[in-house]
Structures are given as C-alpha cells and as structure tokens.
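Residue-level listing of the chains:
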Amino acid sequence: MRGKLYVLSGPSGVGKGTLREHALNNLQNLVYSISCTTRSPRAGEVDGREYRFLTREKFEEYISKNLFLEYAHVFNRDFYGTLKQDVINELEAGHDVLLEIDVQGALQVKEKMPEAVLIFVAPPSVEELEKRLTGRKTESPEVVKRRLETAINELKLKDKYDYVIINDKLENACDELRKIIL
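For clarity, every value in this text was computed on a predicted model and none was experimentally measured.

### Digging into the packing of helix α1 (residues 16–26) against helix α7 (residues 170–181)
Their axes nearest at 10 Å, the elements α1 and α7 cross at an angle of 55°. The angle between α1 and α7 places the two elements in the oblique class. Considering the relative orientation of α1 and α7, their crossing is right-handed. Here T18, L19, H22 and A23 of α1 lie close against α7, whose contacting residues are L170, A173, C174, L177 and I181. The class makeup of the residues in the contact of α1 with α7 is seven nonpolar, two polar and no charged.

### Some words on the sheet that holds strand β9 (residues 163–166)
Across the sheet, which stays open at both edges, the five strands sit in the order β2-β7-β1-β8-β9 with parallel pairing between neighbours. For this open sheet the edge positions go to β2 (30–32) and β9, each flanked by a neighbour on one side alone. Shown here is a sheet whose adjacent strand axes are inclined to one another by a mean of 25°, direction ignored. With four bridges joining them, strand β1 (residues 5–9) and strand β7 (residues 96–100) adopt parallel strand pairing. Pairing of L5 across the sheet is with V97, part of β7.

Reading the values: rules and limits
Residues numbered from 1 in each chain as written. Predicted model: local features only at pLDDT ≥ 70, side-chain atom pairs only at ≥ 80, totals over all residues. Heavy atoms only, no water. Axes fitted to C-alpha atoms, helices over the stretch in contact; angles between N-to-C directions. Helix = DSSP H or I, 4+ residues; strand = E, 2+ residues; numbered from the N terminus. Parallel < 35°, antiparallel > 145°, perpendicular 65-115°, else oblique. Left-handed = near helix turned anticlockwise from the far one by under 90°. Contact = heavy atoms within 4.5 Å. Nonpolar A, V, L, I, M, F, W, Y, C, P; charged D, E, K, R; others polar. Pairing = 2+ DSSP bridges.

Here it is as structure tokens:
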C-alpha cells in the first residue's frame, strides 16, 4: 500500500523541527525526506542528515532538470528544495513521508500532489514568536525583524492547509500532530 505524504510548515521559530523529531521518534512508518539547500552547514550539521548541502550551480542544475517536487529561494539568498524522486520512492515503498518545508514550498507540493496533507504550525501569537526568535540568539535583530514580517504573511495562508496546530504547549502540539498522522 502506498504511503501518505504529510507536509509540516509554518513560520520560522514556531517549533516545526521539534514537532518533526517527536513524530519521527514516535511513529513507526514515518520517514523524513531530507531537503537540499545551498546554505552553509551550521555547527553540528552533517551533510545528508539535516540537509543535503549543494552548491548553487548543482541546485540550479537540478531545477533545470525538474528534479524538485518543490523549491524556494529564501530571503534572496539560499535555495531550499525537496527531491521529487526521494519522496516518490518512499511513498511507493509504503512509507508515510514527512516534509518540513516553508509555506511557499508546501503550496507547490499541494499543487503537484493534491493528496498531500498540509499541516500548518502556528505560534500562539506574533509576540510569542518574536520572543522565541530573539531567545534563540542565532540571528541578528535585522534577520529576526525580516522573519517576523515573513511570519505575518505566512499566517495569512494558514487557511490553505488541511490542519492548523497552535504550538502553545509542546506536549499538546505533538499529540495533535500524532493524531493527524494516525
């Protein structure tokens, strides 16, 4: 039996990665499709584990060959994308696949694979999201400001999703995601 495709997205800093990890650790038939990116690895990241780190030239070659299910040019800097064949191979093997991608990518996936289940993760408030982004201390105030502006626009698109999870309490959000997938 063919697996199901689940797409987890929402604003930066909302907790998608934490929810993804919880789902992957607690649901047996669920696999994660590793995205490609042109950004540099962060400390501790390993090629092929968090992302496939590609040169811009290689990424653009993959675009020209139509190898991506979805891709995005984020903040006019880096490219991120999901290889189509990776997802198809897992689905055909009977595995449920989880993608953690940005909002524009999620909408591209829904266009190409209408059976995909889109799950939007939202913060309890924009103020709480700002606290989370600032608390990470991984980005400059300018980047945090840009991420918040993007988040406000992304929140306007949540009605295009099949499900919305408000990540106010991690335990509740994890439970909601598990119920959706099961």
